[in-house]
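Architecture at a glance
Spelled out, the chains give:
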Amino acid sequence: MPCNRTPREEPGDEDEDDNWVVAWACPLRRRFLAILIPSLSLSLSLCFDSSLKPAKKQETKDGRKKTTRPFPQEAVKAFRRRGGGGLRGICSFLVAQGYWGRKMAARGKGFLMGLALVAGVFAASSLCANVTYDHRALVVDGKRRVLVSGSIHYPRSTPEMWPDLIQKSKDGGLDVIETYVFWNIHEPVRSQYDFEGRKDLVKFVKTVAEAGLLVHLRIGPYVCAEWNYGGFPLWLHFIPGIQFRTNNEPFKTEMQRFTAKIVDMMKQEKLYASQGGPIILSQIENEYGNVDSAYGSGAKPYINWAATMATSLDTGVPWVMCQQGDAPDPIINTCNGFYCDQFTPNSNTKPKMWTENWSGWFLDFGGAVPYRPAEDLAFAVARFFQRGGTFQNYYMYHGGTNFGRTTGGPFIATSYDYDAPIDEYGLVRQPKWGHLRDVHKAIKLCEDALVATDPAYPSLGPNLEATVYKTDTGLCAAFLANMGTSDATVTFNGKSYQLPGWSVSILPDCKNVALNTAKINSMSMIPTFVYESLSEVVDSSSTVNADWSWINEPVGISKDDSFVKPGLLEQINTTADSSDYLWYSLSTDITGEEPFLEDGSQAVLHVESLGHALHAFVNKKLAGSKAGNSGNPKIAVDIPVTLLTGKNTIDLLSLTVGLQNYGAFYDKTGAGITGPVKLKSSASGSMIDLSSQQWTYQIGLQGEDKGLPSGSSSMWITKPSLPKTQPLTWYKTTFAAPAGNDPVAIDFSGMGKGEAWVNGQSIGRYWPTNVAPGSGCTNSCNYRGAYSSNKCLKSCGKPSQQLYHVPRSWLKPSDNILVIFEEIGGDPTQISFATRQIESLCSWVSESHPSPVDMWNSESESKSEKTSGPILSLECLHPNQVISSIKFASFGTPQGTCGNFSHGKCSSNRALAVVQKACIGSKSCMVNVSINAFGNPCEGVTKSLAVEASCA
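None of these values were measured; they are calculated from a predicted model.

Description of the confidence of the model for the protein
Across the protein, the average pLDDT comes to 88, with 84% of residues at 70 or higher. Every residue in residues 540–545 is under pLDDT 50, and counting partners more than four places away or in other chains gives nine contacts.

Next comes the structure, spelled out in structure tokens:
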């Protein structure tokens, strides 16, 4: 646990005398304290004994009887609750309870100072963790831990969102928050650091600590993460002689310098567990084992160096390497993937850890939206813990948003929602969030048994597996798994159990099922966006067009820093990624006698590019555009053009859509127009090659240099005749924030491609004209069977991303400035705002469902005491809302899914009335799923209760 101040203690309140006590505390432990302060009459071994011992009768020297009591559990709890402070209050408590004589409590300042020393040292040392590991688990202060973790990347949300995201993570059953550290946002220029705003790593870690959670800090510094250039800063690419991620001295020097910088920052703020902070793990490198063979003889020395370098930084916590089968001791090698139950560490002294359980998948521009069923994700989690795992992390638990130009790929979308348990906007995604919370609770019920022993695997049959954790002291927990896709009935310990296909049942007492991963007790929700047209949120009463201003971005060369070079230049080496845009401009004279025009055929401009997209202008008019895709960013395009006799200008605007972030030598992947560029005949093979001519180059846009994204320039034009569907146009308007507190998005329908800024903050690239393929999606995805990133897709034939998140904290009540740069032409008056809201709550629970895991009572002896039968629960998301209507209720054999329920052949006529009575007017409600409540509409059939409700 982190060394947090108590709520009453503000920074600066500590006395100087207190500070040295805390400074000494972390390396000291009880046994050492007992030696250090033998003069204290209060025995530490009694004061802080974990068991409450009975009072004892003792005989004094004069023969009288005296009753002594050890330090009580109540006092220990009070002492710990108060963080070791409040000395007078603790003394008073002891006196009042009769555990300490008044004389003893009043023996003077010396005694109280001695006790204060003990109290301060104990309080601080009890919060400073010693983190190690053995073959079963991470060991925190001598105790093995089962830990559930989730990834939240601090720059993909805002500091104002962090506390709520972290609290929802804690409410969802997480113990740990995991994040990468993104080198390129922290050091955009060598030795010039930025840790402000969304980049405030220390604030993020402290926010996690304030919620009482732990941290896994994945320093990398290569992160992948669908992040621009894999997290490396572009200036690294230009260091002479450098080769990334191999046994190369220039690279290792820079990697060590940045890694040490981050570790030192954490140490200065005392954020490692060994200092009383929340960081219990750190990671060096990232998924190198997936590509290390390509680096040949340089790979092994590099990975050994990285391990030695990391451990030499003396963080006091273990280091891990993910996907690194040969990670050298003491580095823990860990697993990434959709399933890691079969993973085995490279040493029998290391625990089985899962650093990335992919909760969904990322979205590409041009792709359909991937999602992962909650039942399958829960199955993967349960299987991992069943097979001996003790640390599991969701990648992602909240994905967030790729603001600005942070996306990698290329072609990664601005949304990084990832189908995570907390969605891009910060709302819990149901039933995934709730079902996983229940899974975590069920696993935690098994924790004592899981960490106490190694598993045994009694046979159940093909595609079936039982795993038992049983100790000599009577602890017992079991997992029953069905890895097949068909339902099965198994006999375990003389009892019969029904196992749906592709599911795990968790038995915390080896007898009774607390949860089955295929049976969801959690409610689901139908999220919706409530739209407001831009005319409804503009700040004035004038016409919509009058509220828009614009500036035309010049076609071709317009800046003083342009330059001329022979031939075609690779883009990344030219721009250093300072902008998405690079102009390639050429002037050529046409006589009309050229061979490719002799037959009177249409001239064609042929352009080949490494990607990622281009717009071709001939004589300052857009002639054509072409983009690559995530599977192949390269472009080869033939564009019919009309040439004039005399001078003709060819202006090619090349653009990137995020730089490569993964693969061996990915940093050497180029972009831009590398040719050939030709003018040719549409009918014959005649042509001229323009590639080696003198080209003029301009890095970036004029509007970028003039600060147009801020909206503050005096160049803006305001006229009633707003230009629409015009390429290379900057637009600006002002608007009032949508009412309420619901998350906000902008719908860019009507626009083409570009980037948008709200009050100077980039909300990212937008591209609603990039549409997903029309096939490959399913209305419902069967959770049974192995998941892959293309198994479950939705939104085929629609824009990959139409809505773009605008954090509430970026908005003012009014006078907000929206600036858009449109590349290919659109109509900004069609833009609308939307707020993310919940349309309906739903739940479907059958008679065969286990009781809610919250109702499990580990101290009860019989199943009847432990369970009360299946229960359907509903709860409104907002604290000021109540359930206002029941849209559907059926007990029997209902059909369909949330939002499309229908009655089956069997349905109780009491269902609606029973649910209405239990739920209407309440923030939450619980309904027993049984024939006692609803009657028995059909004998011999397992019945279900399906409900859809709304809140207001």
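A closer look at the sheet that holds strand β33 (residues 677–681)
By way of backbone hydrogen bonds, the strands of a sheet pair with one another, either parallel or antiparallel. Taking strand neighbours across the sheet as the criterion, the four strands line up as β30-β27-β33-β34 in an open arrangement whose pairing is antiparallel. Since the sheet does not close on itself, it has two edges, and those belong to β30 (635–641) and β34 (687–689), each with one partner. Shown here is a sheet whose adjacent strand axes are inclined to one another by a mean of 20°, direction ignored. As paired elements, strand β27 (residues 603–609) and β33 share five bridges and run antiparallel to each other. Note on β33: the bridge partner recorded for Leu-605 is Leu-679.

A few points about the state of the cysteines
As enumerated under the stated definition, the model contains eight disulfides in all. Linked covalently through their sulfurs, Cys-781 and Cys-792 form a disulfide whose S-S length is 1.8 Å. Torsion about the S-S bond of the Cys-781 and Cys-792 cystine: about -50°, corresponding to left-handed handedness. On the criterion of sequence distance, the pair formed by Cys-781 in the loop between β39 (761–766) and β40 (793–794) and Cys-792 in the loop between β39 and β40 is long-range, its members being eleven residues apart. Neither Cys-781 nor Cys-792 differs from the other in exposure class; each is buried. Linked covalently through their sulfurs, Cys-919 and Cys-925 form a disulfide whose S-S length is 2.0 Å. Classification of the bridge connecting Cys-919 and Cys-925 rests on its S-S torsion, roughly 80°, and on that basis the disulfide is right-handed.

Thoughts on the sheet that holds strand β5 (residues 143–145)
Pairing in this open sheet of three strands is antiparallel, and the strands run β3-β4-β5 from one edge to the other. Single-partner strands in this sheet number two, and they are β3 (131–133) and β5. Each neighbouring strand pair of the sheet contributes to a mean axis angle of 40°, computed without reference to strand direction. Relative to β5, strand β4 (residues 138–140) runs antiparallel, the two being bridged by three bridges.

Describing the packing of aromatic side chains
The tally for this structure, following the rule as stated, stands at 54 aromatic pairs. Ring geometry for Tyr-581 versus Phe-821: centroids 5.7 Å apart, planes at 80°, classification edge-to-face. Taken together, the residues span a long stretch of sequence, with Tyr-581 in strand β26 (residues 581–590) and Phe-821 in strand β42 (residues 816–822) at a distance of 240 residues. Taken individually, Tyr-581 and Phe-821 each receive the classification buried, so the pair is uniform in this respect. Ring centres of Phe-748 and Tyr-804 lie 5.4 Å apart, and the angle between their planes is 80°; on these two criteria the pair is classed as edge-to-face. One end of the pair, Phe-748, is in the loop between β37 (744–747) and β38 (754–758); the other, Tyr-804, is in strand β41 (residues 803–806), and 56 residues separate them in sequence.

With respect to the pattern of salt bridges
Summed over the entire model, instances satisfying the criterion amount to 38 salt bridges. For the salt bridge of Glu-356 with Arg-218, the shortest nitrogen-to-oxygen distance reads 3.0 Å. Residue Glu-356 is located in strand β12 (residues 353–358), and its partner Arg-218 is located in strand β8 (residues 214–220); the two are separated by 138 residues in the primary sequence. Between Asp-580 and Arg-405 there is a salt bridge; the shortest N-O distance is 2.8 Å. Of this pair, Asp-580 sits in the loop between α17 (571–575) and β26 while Arg-405 sits in the loop between β14 (391–398) and β15 (408–409), placing them 175 residues apart in sequence. The class of Asp-580 is buried, set by a relative accessible area of 2%. Look at the salt bridges and you will find they share partners, linking Glu-187, Arg-190, Glu-254 and Arg-257 into a network.

As for the packing of helix α11 (residues 249–268) against helix α12 (residues 299–312)
Interhelical geometry of α11 versus α12 gives an angle of 25° and a closest axis separation of 11 Å. Relative to α12, the element α11 lies roughly parallel. Note on packing geometry: the crossing formed by α11 with α12 is right-handed. Contacts from Phe-251, Lys-252, Met-255, Gln-256 and Thr-259 of α11 reach α12 at Tyr-302, Trp-305, Ala-306 and Met-309. The residue inventory of the contact of α11 with α12, partitioned by class, reads six nonpolar, two polar and one charged.

Let's talk about the side chain of Ser-840
Position of Ser-840 among the secondary structure elements: in strand β43 (residues 832–846). The exposure class assigned to Ser-840 is buried, which follows from its relative accessible area of 1%. Within the structure, Ser-840 has its side chain in polar contact with the side chain of Glu-948 (distance 2.7 Å).

Comments concerning the side chain of Thr-453
Positionally, Thr-453 belongs in the loop between α15 (447–452) and β16 (459–461). Overall, Thr-453 belongs to the buried group, its relative accessible area being 19%. Look past the residues within four positions of Thr-453 in its chain and what remains in contact with it is Arg-136, Arg-144, Tyr-469, Lys-470 and Thr-471.

Topic: the pairing of strand β31 (residues 646–655)
Across the ten residues of β31, eight count as buried, placing the element largely inside the fold. When β26 meets β31, the two strands line up antiparallel, connected through ten bridges. Within β31, the residue paired with Ser-585 across the bridge is Asp-651. Two elements, strand β28 (residues 613–618) and β31, share six bridges in a ladder whose sense is antiparallel. Of the residues in β31, the one forming a bridge with Phe-617 is Asp-651.

As for the pairing of β27
Across the seven residues of β27, six count as buried, placing the element largely inside the fold. Across seven bridges, the pairing between β27 and β30 is antiparallel. Each bridged residue has a counterpart across the sheet, and for Val-604 the counterpart in β30 is Pro-640.

A short note on helix α20 (residues 911–919)
Within α20, burial applies to Ala-911, Val-915 and Cys-919. Each buried residue of α20 sits inside an arc of 35° when the element is viewed along its axis, so together they form one side. In the core, the buried residues of α20 are packed alongside β44 (871–875), β45 (883–892), β46 (924–928), α21 (931–934) and β47 (944–951). Two residues or fewer past α20, Gly-921 is found with a positive phi of approximately 85°.

Regarding the nonpolar core
Ranked by internal contacts, the top residues of the largest apolar core, which has 158 residues, are Ile-262, Met-266 and Leu-874. Once you skip the residues sitting within four places of it in the chain, Leu-874 turns out to touch Met-523, Leu-841, Cys-842, Ser-843, Ile-883, Cys-919, Lys-923, Ser-924, Cys-925, Val-947 and Ala-949. Judged by nonpolar contacts, the second largest core, of 45 residues, contains Trp-583, Phe-617, Phe-821 and Ile-831.

Looking at the packing of helix α10 (residues 201–210) against α11
In contact at an axis separation of 11 Å, α10 and α11 are set at 50° when each is read in the N-to-C sense. Here α11 runs oblique to α10, going by the angle between their axes. With respect to the hand of their crossing, α10 and α11 are arranged in right-handed fashion. Along the contact surface, α10 presents Leu-201, Val-202 and Val-205, while α11 presents Ile-262, Met-265 and Met-266.

About the cut-offs
- Residues numbered from 1 in each chain as written.
- Predicted model: local features only at pLDDT ≥ 70, side-chain atom pairs only at ≥ 80, totals over all residues.
- Heavy atoms only, no water.
- pLDDT = per-residue confidence, 0-100.
- Contact = heavy atoms within 4.5 Å.
- Pairing = 2+ DSSP bridges.
- Helix = DSSP H or I, 4+ residues; strand = E, 2+ residues; numbered from the N terminus.
- Axes fitted to C-alpha atoms, helices over the stretch in contact; angles between N-to-C directions.
- Disulfide = S-S within 2.5 Å.
- Buried < 20%, exposed > 50% of the residue type's maximum accessible area, 1.4 Å probe, protein only.
- Phe/Tyr/Trp six-rings, centres within 6.5 Å; stacked < 30°, edge-to-face > 60°.
- Salt bridge = Lys/Arg side-chain N within 4 Å of Asp/Glu carboxyl O.
- Parallel < 35°, antiparallel > 145°, perpendicular 65-115°, else oblique.
- Left-handed = near helix turned anticlockwise from the far one by under 90°.
- Nonpolar A, V, L, I, M, F, W, Y, C, P; charged D, E, K, R; others polar.
- Polar contact = N/O pair within 3.5 Å; in protein donor to acceptor, adjacent residues only side chain to side chain.
- Arc of directions from axis to C-beta.
- Core = buried A, V, L, I, M, F, W, Y, C linked by side-chain atoms within 4.5 Å.

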